[in-house]
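# Fold and contact review
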Amino acid sequence: MSSGLSPRTALPAPDPPHLEVRRLRLADGAATTLHVAEYDLRATSVRVVRFATPMRLQTWCRATGVQEAIVGGFFVRPGGTPLGDLRTHGIALPSVPFAAPWDAVRACVHAAGDRVSVAPRDGLAAEPPGDLLQAGPLLVRDGTVVTGDEEGFCAGRHQFDSDITAGRYPRAALALAGDRLLAVTCDGRADDDAGLTLGELAQALVALGARDALNLDGGGSTSLVCAGRLRNVPREEHGVALPGGRPVSTAHAFLPR
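In this report, we go over the structure that sits alongside the text. (Residues numbered from 1 in each chain as written. Predicted model: local features only at pLDDT ≥ 70, side-chain atom pairs only at ≥ 80, totals over all residues. Heavy atoms only, no water.)

Tracing the backbone shows R231 in the loop between strand 18 (229-230) and strand 19 (248-256). You can call R231 buried: its relative accessible area is 12%. Through-space distance from the C-alpha of R231 to that of A173 is 14 Å; in sequence the pair is 58 residues apart. Excluding anything up to four places from it in sequence, R231 contacts D15, P16, L19, H35, L224 and C226. A distance of 3.0 Å separates a polar side-chain atom of R231 from the backbone oxygen of C226. (Helix = DSSP H or I, 4+ residues; strand = E, 2+ residues; numbered from the N terminus. Buried < 20%, exposed > 50% of the residue type's maximum accessible area, 1.4 Å probe, protein only. Contact = heavy atoms within 4.5 Å. Polar contact = N/O pair within 3.5 Å; in protein donor to acceptor, adjacent residues only side chain to side chain.)

Every α-helix winds through 3.6 residues per turn, so residues three or four apart in the chain are directed the same way. Buried within helix 1 (residues 57-64) we find L57, Q58, W60 and C61. Viewed along the axis of helix 1, the buried residues span an arc of 160 degrees, placing them on a single side of the element. Facing away from the buried surface of helix 1 by more than 90 degrees, the exposed residues are R62 and A63. Summarising the contacts, the buried residues of helix 1 are in contact with strand 3 (44-55), strand 4 (69-71), strand 17 (224-226), strand 18 and strand 19. In the segment just after helix 1, G65 is the residue with positive phi, at about 85 degrees. (Arc of directions from axis to C-beta.)

The next thing to look at is the nonpolar core. Side chains of a nonpolar character, in soluble globular proteins, are inclined to be buried together. I70 and L174 are the most contacted members of the largest nonpolar core, which totals 46 residues. Apart from the residues within four sequence positions on either side, L174 is in contact with I70, V109, L181, L182, A183, D212, A213, L214, L216, H252 and F254. Of all hydrophobic cores here, the second largest spans 20 residues; its members include V36, A175, C186 and L201. (Core = buried A, V, L, I, M, F, W, Y, C linked by side-chain atoms within 4.5 Å.)

For the rest of this paragraph, the subject is the packing of aromatic side chains. One pass over the structure, following the stated rule, counts eight aromatic pairs. Judged by centre distance (6.4 Å) and plane angle (70 degrees), the ring pair of F74 and F98 falls under edge-to-face. With F74 in the loop between strand 4 and strand 5 (75-76) and F98 in the loop between strand 8 (91-92) and strand 9 (107-112), this pair connects stretches of sequence that are 24 residues apart. Across this residue pair, the class does not change: F74 and F98 are buried. Here a set of aromatic residues connected by ring pairs shows up, and it is made of F74, F98, F153 and F160. Cation over ring: R106 sits above F98, and NZ or CZ is 4.6 Å from the ring centre. (Phe/Tyr/Trp six-rings, centres within 6.5 Å; stacked < 30°, edge-to-face > 60°. Lys NZ or Arg CZ within 6 Å of the ring centre and 35° of its normal.)

The analysis is restricted to geometry; functional conclusions fall outside its scope.
Now the structure itself:
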């Protein structure tokens, strides 16, 4: 029996049940699209991945069979060397440190065994076990929006393409909410997707129940893969869409235990 739907008019596959897509209305009337992937920490292993050479997150996921991942930390161009402390299995990997004194305080994701934490670097061991990726800034601490620039992203903007604390951009974040892990991205740089400021992103994360959260690499690097497919729309400056996203250097992979 025919369904009556030709390939040209076939309905798209529904979003996976752990992914929610929201339209977020902002205070000045602008709006953006928020992509929220939710994982049960009791059944999910969080791993930090460092690519041998920069590649699109979706490409890596398809090559390795990893179904769930989000972009990791910042990197230096050209070359793609990771920026900030980076460790897997307790071993420090080659990277360019953040400029002092901010290298000692910028926020990290730390995953060791069945424990995942989001904390300033000086709140973790000097040589922690497991996986660690430093990015930042910390957006939410103990369920409260973090204000100010204690991690010096404005003062240390010379290590970035621009001042990431200023303006609305496509963004990515990782948040802990009780037994849930939230991987969140927002679209931006488009007429119908304004992006978010860091403060707006933090407020959205608190509304989602985040207790602790940090900012990850954003802009054209913003990438969230769920059920093997890139879910957000990465864009470069001036709104140029990047099919498949920008090649990145690191990622967080979410694997079943």
